[in-house]
Amino acid sequence: MRFPFTQIDAFASSPFEGNPAAVMPLSEWLDDDTLLRIAAENNLSETAFLVPDASDNSDFELRWFTPTNEVVMCGHATLASGHFVLSADRNRERVTFRTRQAGTLEVARAGADYQLSLPVWAPSPKPLPEIVAALGVTPVETLWHEHRYGLIVLENEAQVRAVEPDFRKLAREGDWLTIVSAPGDTTDIVSRAFAPGGGIDEDPVTGSAHAVAVPYWAKRLGRDTLTAYQASARGGRLTCTLDGDRVVLGGACVTVIEGTFFL
């Protein structure tokens, strides 16, 4: 069997920036074990699989897999999927995706870039002593969301950039996404994200992390529109808007590989 394969750098204005995602359109779902094996073979933080939505509730069904497991929501691979669909049809302005646990997500054109609408996952204060110890930081505040997201707030950007996690300790906490965040030097907020329990030590640019972090920072900074930078080695810039029960993220995408996956 032959399947189209496209690798796209999301939240990137040029190749080698942002977060790479594989996007693979299918005519129908393969079994879950095969999807996971494909994602492991791709060895990217996420592989997105698209199937036309027979229910007519959206344009496509969408699922995301890391090399080790399926995830509840992935922002950058959704943005990449939107880029994939909208690049193929220049007359189309938006595309919707029905997901299994994150509801319906939308990607729309915004000039040369895109806007991605995600649900708000507002975090609540909670002590996270094991995660804090694994990060080796002294936080201003710690919060969490029930989908196993931890938000560790630090004082400044220099502290975020200096974090050197003990990935073995973090992985013992299971499939968590740990976000460290602070006010930025040249953007409103800066962050990094770690998920060794999900097979990703450091995720380059994480849309779902901002579904958690933006509600916190919007309240703390007293405004609903923010700029953000994820300070990984690749790096990525986002615009962020808190719009009711949605977080709208803006960014660009670049296609870097097109080919065929043989199975």
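None of the values given here were measured: they were computed from a predicted structure.

Counting 52 residues, the largest nonpolar core has Trp64, Met73, Leu79, Phe97 and Val107 as the members making the most contacts within it. It is helix α6 (residues 207-221) that provides the largest number of residues to this core, a total of 7 residues. If we skip the residues at most four places from it in the chain, Val107 touches Thr78, Leu79, Gly82, Leu86, Glu93, Arg94, Val95, Phe97, Tyr114, Gln115 and Leu116.

In total, this model carries 6 aromatic pairs according to the counting rule given. Sitting over the face of the ring of Trp29, Arg63 holds its NZ or CZ atom 5.2 Å from the ring centroid. A cation over an aromatic ring shows up here: Arg100 above the ring of Trp29, its NZ or CZ 5.7 Å from the ring centre.

Okay, α6 next. With 15 residues, α6 should reach 21 Å at 1.5 Å per residue; the first-to-last C-alpha distance of 20 Å fits that figure. Along α6, the largest kink reaches about 35 degrees and is centred on Ala213; proline Pro215 follows within four residues of it. Counting buried positions along α6 yields 12 of 15 residues, so the element is predominantly enclosed. Restricting attention to buried positions, one finds in α6 the residues Gly207, Ser208, Ala209, His210, Ala211, Val212, Ala213, Val214, Pro215, Tyr216, Trp217 and Ala218. Gly222 sits one or two residues past α6 and shows a positive phi near 75 degrees.

Our next topic: the pattern of salt bridges. Taken as a whole and assessed by the stated rule, the structure comprises 11 salt bridges. Here Arg92 ties to Asp59 by a salt bridge, and the two come within 3.1 Å at their closest N and O atoms. Taken together, the residues span a long stretch of sequence, with Arg92 in the loop between α2 (75-88) and β5 (94-98) and Asp59 in the loop between β3 (46-52) and β4 (60-65) at a distance of 33 residues. Given the relative accessible area of 24%, Arg92 is considered partly exposed. A residue is classified by how much of its surface remains accessible, and Asp59, at 29% relative accessible area, is partly exposed. The residue Glu106 makes a salt bridge to Arg94 at a minimum N-O spacing of 2.8 Å. Linking Glu106 in strand β6 (residues 104-110) with Arg94 in strand β5, this pair joins segments that are 12 residues apart in sequence.

Cut-offs applied
- Residues numbered from 1 in each chain as written.
- Predicted model: local features only at pLDDT ≥ 70, side-chain atom pairs only at ≥ 80, totals over all residues.
- Heavy atoms only, no water.
- Core = buried A, V, L, I, M, F, W, Y, C linked by side-chain atoms within 4.5 Å.
- Buried < 20%, exposed > 50% of the residue type's maximum accessible area, 1.4 Å probe, protein only.
- Helix = DSSP H or I, 4+ residues; strand = E, 2+ residues; numbered from the N terminus.
- Contact = heavy atoms within 4.5 Å.
- Phe/Tyr/Trp six-rings, centres within 6.5 Å; stacked < 30°, edge-to-face > 60°.
- Lys NZ or Arg CZ within 6 Å of the ring centre and 35° of its normal.
- Expected span 1.5 Å × (residues − 1).
- Bend = angle between axes of the 7 residues up to and from the residue.
- Salt bridge = Lys/Arg side-chain N within 4 Å of Asp/Glu carboxyl O.

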